[in-house]
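One-letter residues, chain by chain:
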Amino acid sequence: MKHLLITGFAPFGGETVNPSWEAVSRLPDTVGGYRLTKLQIPTVFAAAADAVLAAAENVDVILCIGQAGGRDAVTPERIAVNMASASIPDNAGNRPVEAPILPGGPDGIFSTVPVAAMAEAIVNAGLPGKISNTAGTFVCNDTLYRLLAHFAGTGTRVGFIHVPHLPDQAKNGGPSMELDAIIAALTAAIGALG
């Protein structure tokens, strides 16, 4: 059985919950031929990727899950960009502005998981899913970029999926998704990893 390291983030920005970890922590221990190792990572630039790397021995796939308020679908990310620029501080008070993640690194690095097949699997499960072409410039993108750079040219595939707010988090009628639906969407996406 293949090994999937799947992560979710700690709450940030004054929130008391993060749907990424709430969903990841409730996933089954095996999905679609993968044995899952679940890990909560800090919402802190660089430290999040470091936590993933510390746990990433003998894994076939790393899939990080993050919260994207304002989105109305579960969105596998196509690319990470070499840019850290935060509108709010991370949980350690860091707030980079227009800073390269890895100086001299490529401008962008494509995900190495099948994002189109994952988005299609979510839709085929009757849930809102679509490919995203930007993971932003906060800790989610920072984590994806660092991991893709680290595992470039290796057999370990790396991907990222953003999930909407939970209904309790959504402000002023903004988009949200029930936790059970997020879990089902992630399960469908994992099933499409191959």
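Refer to the structure presented above.
Residues numbered from 1 in each chain as written. Predicted model: local features only at pLDDT ≥ 70, side-chain atom pairs only at ≥ 80, totals over all residues. Heavy atoms only, no water.

> Is there a simple way to think about the packing of aromatic side chains in this case?
Think of a pair of aromatic rings as described by two things: how far the centres are apart, and how the planes are tilted against each other in angle. A full pass over the atoms with the stated rule returns 3 aromatic pairs. Note on Phe-9 and Phe-160: the rings are 6.3 Å apart at their centroids and 40 degrees apart in plane angle, and the pair reads as tilted. Of this pair, Phe-9 sits in strand β1 (residues 2-9) while Phe-160 sits in strand β8 (residues 157-163), and the two are 151 residues apart along the sequence. With respect to burial, Phe-9 and Phe-160 carry one shared label: buried. Where Phe-45 meets Phe-138, the ring centres are 5.5 Å apart and the plane angle is 85 degrees; that geometry is what we call edge-to-face. Here the residue Phe-45 occupies a position in the loop between β3 (34-41) and α2 (47-55), and Phe-138 occupies one in the loop between α3 (115-124) and α4 (139-151), the gap between them amounting to 93 residues. Classification of Phe-138 as buried rests on a relative accessible area of 16%. (Phe/Tyr/Trp six-rings, centres within 6.5 Å; stacked < 30°, edge-to-face > 60°. Helix = DSSP H or I, 4+ residues; strand = E, 2+ residues; numbered from the N terminus. Buried < 20%, exposed > 50% of the residue type's maximum accessible area, 1.4 Å probe, protein only.)

> How should I be thinking about unusual backbone geometry in this particular structure?
You will see that Asn-58, though not glycine, has its phi angle at about 55 degrees, which is positive. Note on placement: Asn-58 falls in the loop between α2 and β4 (61-67). Despite not being glycine, Asn-172 has its phi angle at roughly 50 degrees, a positive value. Its location among the elements puts Asn-172 in the loop between β8 and α5 (179-191).

> Can you help me understand the nonpolar core in this one?
In a soluble, globular protein the nonpolar side chains are often hidden away together inside. With 33 residues, the main nonpolar core has Leu-4, Ile-6, Ile-161, Leu-186 and Ile-190 as its most contacted residues. At the level of secondary structure, the elements contributing two or more residues to this core comprise β1, α1 (19-24), β3, β4, α3, β8 and α5. Element by element, the count of residues in this core is highest for α5, at 9 residues. When near neighbours in sequence (up to four residues on either side) are disregarded, Leu-186 contacts Ala-23, Leu-27, Ile-65, Val-74, Ile-161 and Val-163. Counting 27 residues, the second-largest nonpolar core is a separate cluster that includes Leu-5, Val-52, Ala-80 and Val-139. (Core = buried A, V, L, I, M, F, W, Y, C linked by side-chain atoms within 4.5 Å. Contact = heavy atoms within 4.5 Å.)

> How do you make sense of the sheet that holds β8 when you look at a structure like this?
The strands that make up a sheet are held in pairs by hydrogen bonds between backbone atoms, and each pair lies either parallel or antiparallel. With mixed pairing, the 6 strands of this open sheet are ordered in space as β2-β3-β1-β4-β8-β5. Of all the strands in the sheet, the pair left with one neighbour each is β2 (30-31) and β5 (75-76). With 2 bridges joining them, β2 and β3 adopt antiparallel strand pairing. In the strand pairing of β3, Val-31 is matched with Tyr-34. Each of β1, β3, β4 and β8 touches α4; the most contacted strand, β8, lies at about 170 degrees to it. (Pairing = 2+ DSSP bridges. Axes fitted to C-alpha atoms, helices over the stretch in contact; angles between N-to-C directions.)

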